[in-house]
Every structure is written in structure tokens, then in C-alpha cells.
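Inside the fold
This is what each chain is made of:
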Amino acid sequence: MDQLSNNERLLWRGRPRQGLMLRGADILMVPFSLMWGGFAFYWEYSVVHSDAPLLFRLWGIPFVLVGLHMIVGRFFLDAWQRSRTEYEVTSDRVTIHSGIFNRQLKTMDLRSLGEYSLTESRSGEGTISFGVSAAGNVFSGLASWPGMADVPRFDSIPEARKVYDIIRNAHYAAGHTRPFGQRQG
């Protein structure tokens, strides 16, 4: 991914889960997208099969396209984005390399790294968020890209607790003090 500087060590490298997947936010997005798409398809079908003016026939096309994206396309776009995302933790920084058309590199220095949190499933897969989202983490999957959301994150990584501990230990090794009573390791 990125060149390491002098005395910098690679501690972990990984990728988000690959392939199609459902997220927690889909509990709201799936019904909404089906209602949106259903209405858009009904509208377009109705105006095409009637004597409606050309403007009405054209008016529904963007809504049908948005409906198709919300029902099906967003899952493929999300999978494509995750297939082009890589994460690294070094002794000095955390990096997220992502992007479909324009590759972006997000680097967070461990010495100035603020709040970070772990959301973990029973399987051990999880997401590490760097910062606090204005909307919280509940709806973070609605309109975001893995690794490039409003809050940078390591999205849907295996063994998330292990990676979280690597980040925490590297963060403390970079000069932050441990909370009272906490041991390294």
C-alpha cells in the first residue's frame, strides 16, 4: 500500500469482508427501497401504457433508475468498493486505501488519534470506527462507503477484537497513557 518510513513497522494489514452482504441499516433500507421502486415502476408502467404526455413518460425514468440502484445496485456497488479497500496498522499510523474510480489514502497518525471504537459480532467480525459519527453508528451503513464514511473505519474485518487490540497497543506505544489499572497485552 504505502511506503513505510524509517523505523516504522507494519503491525497488521487486512481487507473488509468480500462479496455481497447485508448490513444492519438494511432493516430500514430494504422495505423503503421496495416501496420506492414499486411506486416508480407502477408510475412508469401506468404512463407508458396510457395516453400520457411525453413529459410524464420521461419524468419517471430517473425515479426508476434510483429505485433499481436502491433495490439491487447498491449491494453490487458496496461489494465493488470493499473489493478495492485495504487497511493497515503500523507502529506510527492507521491507513485506509479505498476508492472505485479515484483511489484515496486516508492516514491517521497514532500520536494524534482521537476516540476509536469497536463494534463486534458473535462471529468475531466487526468494524473499528475512528471518531464519532454525528448520527451515531446505528445508521452508518445507509449512505456510506467502507473505510471512507463520514467517520473513517475499518469495515467488516475478521478478528476485529485482535485488530482493535493491535491499534490500542500501538496507540499507547506512540505516547498515550493507559487508563488506570489496564495492562498491556
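Provided above is the structure to which this section pertains.
Just so you know, these numbers come straight off a predicted model, no measurement behind them.

Turning next to the packing of aromatic side chains. For the structure on display, the rule yields nine aromatic pairs. Measuring from ring centre to ring centre gives 6.0 Å for Phe32 and Trp36, while their planes differ by 50°; the resulting arrangement is tilted. Here the residue Phe32 and the residue Trp36 both occupy positions in helix α1 (residues 26–48), the gap between them amounting to four residues, near one helical turn. The exposure class assigned to Phe32 is partly exposed, which follows from its relative accessible area of 40%. Through pairs of rings, three or more aromatic residues link up here, namely Trp12, Tyr87, Phe130 and Phe154.

Neighbouring strands of a sheet are bound in pairs by backbone hydrogen bonds; such pairs are parallel or else antiparallel. Overall, antiparallel pairing links the three strands, which are arranged β5-β6-β7 in an open sheet. Each edge of the open sheet carries a strand with a single partner, namely β5 (116–120) and β7 (153–157). Neighbouring strand axes in the sheet, compared pairwise and without regard to direction, differ in orientation by 10° on average. Relative to the sheet, helix α4 (residues 160–173) contacts β5, β6 (126–130) and β7, its axis offset from that of β5 by approximately 165°.

Calculation notes
- Throughout, a residue's number is its position along its own chain's written sequence, starting from 1.
- Reporting of local features is limited, given that this is a predicted model, to residues whose pLDDT is at least 70; pairs of side-chain atoms are given and counted only at 80 or more, and all residues count toward the totals for whole chains, interfaces and linings.
- To obtain the side-chain values, all non-hydrogen atoms of the structure were used and water was disregarded.
- Between 30 and 60 degrees the pair is tilted, below 30 it is stacked and above 60 it is edge-to-face, where a pair is any two Phe, Tyr or Trp rings, Trp via its six-membered ring, whose centres lie within 6.5 Å.
- By definition, any uninterrupted DSSP run of H or I lasting at least four residues is a helix, any uninterrupted run of E lasting at least two residues is a strand, and each is numbered from the N terminus.
- Partly exposed residues are those whose accessible area sits between 20% and 50% of the maximum for their type, while under 20% is buried and over 50% is exposed, using a 1.4 Å probe and protein chains only.
- Any two strands with at least two DSSP bridges between them are considered paired.
- Whenever a helix is involved, its axis is fitted only over the stretch in contact; in every case the axis is a line through C-alpha atoms, and angles between N-to-C directions fall within 0 to 180 degrees.
- Every residue pair with non-hydrogen atoms within 4.5 Å of one another is taken to be in contact.

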